[in-house]
Amino acid sequence: MDGVSINLDHLLSQGETNEDDTTRLGKRTKISNESTSHINDPESSSTNTIENAIIESLEAQRCTTRGEQYGDTLMKIQNHLNSTMKLISWNVQGLKTTATRDPLFDLIRTQNPDIIFLYETKISKDKSRPLISHFQYPNQAFIELIGLSGGLLILWKDGFTCELHDSTYNMFNLIVQHDPSRPEYLLTCMYGYPDFDRKQEQWNYIQQIGRNHYGPWILIGDLNFHLLDDNTISSSSSDGFVNNIVNTCGLEDIGY
């Protein structure tokens, strides 16, 4: 399973509140600000690009003249494009090789993502910095690799609200607001543990977030489990365990 989300477009357009800063995303409890966490060998490799992650629909308008109505429509289209956010999530299986960095650079050049989440970088924070400096993303956060595997990295631009809330259990949690006229949301960028004991800890933490967070929420990454439907029998105890939490939190697969 590569990504699930909760409360997307419709909640982003409806979820504005007047709560103060201490409760702006519900009763969130800051568990940890660790800069490192346990990292595991990959269970699968995926490249998951989400373009236009948060989009509100623009009603089509019939323009009978090229006067004020036409200009208003163009302005709405431009505002819509300006408010679109792009996010890339990618299991790179090593950041040191040009076979990874060159395609990543091309992807950045052509898609101009606002946020980039990379996992299985297999390189330390100190060695990552000179490699990613060419990407020109001023904001960075890392979870160190353990041994020769693992390593998580997230990059984001200036120009919008993006605050790192915590980095623990192989995930980053960030508070994001890309448009001041729309509500902020919780972005969880996660690399799922294949080991069942660690997976339990990781998803128990996700469940705790779900119990205390009431606003829009996007969960993305290589989650390392199989999403089950009503007609599918769980092939492992870990899949059943994770699917129960997914359902309890109201998470929905967005189909990427």
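Calculation criteria
Residues numbered from 1 in each chain as written. Predicted model: local features only at pLDDT ≥ 70, side-chain atom pairs only at ≥ 80, totals over all residues. Heavy atoms only, no water. Helix = DSSP H or I, 4+ residues; strand = E, 2+ residues; numbered from the N terminus. Contact = heavy atoms within 4.5 Å. Salt bridge = Lys/Arg side-chain N within 4 Å of Asp/Glu carboxyl O. Buried < 20%, exposed > 50% of the residue type's maximum accessible area, 1.4 Å probe, protein only. Expected span 1.5 Å × (residues − 1). Arc of directions from axis to C-beta. Disulfide = S-S within 2.5 Å. Polar contact = N/O pair within 3.5 Å; in protein donor to acceptor, adjacent residues only side chain to side chain. pLDDT = per-residue confidence, 0-100. Phe/Tyr/Trp six-rings, centres within 6.5 Å; stacked < 30°, edge-to-face > 60°.

## Re the environment of Leu155
And step 1. Within the element layout of this structure, Leu155 appears in strand β6 (residues 152–156).
And step 2. Taking C-alpha positions, Leu155 is 8.6 Å from Leu118, a pair spaced 37 residues apart along the chain.
And step 3. Leu155 has contacts with Asp114, Ile115, Ile116, Ile132, Phe135, Tyr137, Asn139 and Gln140, leaving out every residue within four places of it along the chain.

## Quick notes on the pattern of salt bridges
And step 1. Counting across every chain of the model gives two salt bridges.
And step 2. Of the charged contacts in the structure, one is a salt bridge between Arg109 and Asp106, with a shortest N-O distance of 3.5 Å. Of this pair, Arg109 and Asp106 both sit in helix α3 (residues 98–111), three residues apart, which is roughly one turn of that helix.
And step 3. Look at Arg109 and you get exposed, because its relative accessible area is 56%.
And step 4. The shortest N-O distance in the salt bridge between Lys157 and Asp114 comes to 4.0 Å. With a gap of 43 residues between them, Lys157 in the loop between β6 and β7 (161–168) and Asp114 in the loop between α3 and β4 (115–119) connect regions that are remote in the sequence.
And step 5. Taking relative accessible area as the criterion, Asp114 reaches 14% and is therefore assigned buried.

## With respect to α3
And step 1. End to end, α3 covers 19 Å across 14 residues, agreeing with the expected 20 Å (1.5 Å per residue, within 8%).
And step 2. Along α3, the residues that are buried comprise Thr100, Arg101, Leu104, Ile108 and Gln111. Along the axis of α3, the buried residues cluster in a sector spanning 120°; they form a single face. For α3, the exposed residues set more than 90 degrees away from the buried face come down to Ala99 and Arg109.
And step 3. Backbone geometry just downstream of α3 places Asn112 in the positive-phi region, at approximately 50°.

## Considerations on the state of the cysteines
One way to say it: the disulfide is the covalent bond shared by the sulfur atoms of two cysteines.
And step 1. As enumerated under the stated definition, the model contains zero disulfides in all.
And step 2. Take Cys162: it sits in no disulfide, and the sulfur closest to it among the cysteines is that of Cys189, at 8.4 Å.
And step 3. Overall, Cys162 belongs to the buried group, its relative accessible area being 11%.

## A short note on helix α5 (residues 196–212)
And step 1. Taking 1.5 Å of rise per residue, the 17 residues of α5 would be expected to cover 24 Å, and the 24 Å separating its terminal C-alpha atoms lies within 8% of that figure.
And step 2. Those residues of α5 not exposed but buried are Lys199, Gln202, Trp203, Tyr205, Ile206, Gln207 and Ile209.
And step 3. Where α5 begins, the capping side chain belongs to Asp195, and its oxygen is found 3.3 Å from the backbone nitrogen of Asp197.

## A look at the confidence of the model for the protein
And step 1. This prediction gives the protein a mean pLDDT of 75; 65% of its residues lie at or above 70.
And step 2. Note on residues 4–67: pLDDT under 50 across the span, and 173 contacts to partners over four residues away in sequence or across chains.

## Observations concerning the packing of aromatic side chains
And step 1. With the rule as written, the count across this model stands at six aromatic pairs.
And step 2. An angle of 40° between the planes, with centres 4.8 Å apart, marks the rings of Phe117 and Tyr119 as tilted.
And step 3. The exposure class of Phe117 is buried, given its relative accessible area of 0%.
And step 4. Look at Tyr119 and Tyr191: their rings are 5.2 Å apart centre to centre, the planes differ by 25°, and that puts the pair in the stacked class. Of the two residues, Tyr119 is situated in strand β4 and Tyr191 in strand β9 (residues 185–191); the sequence distance between them amounts to 72 residues. In this structure, Tyr119 and Tyr191 share a single accessibility class: buried.

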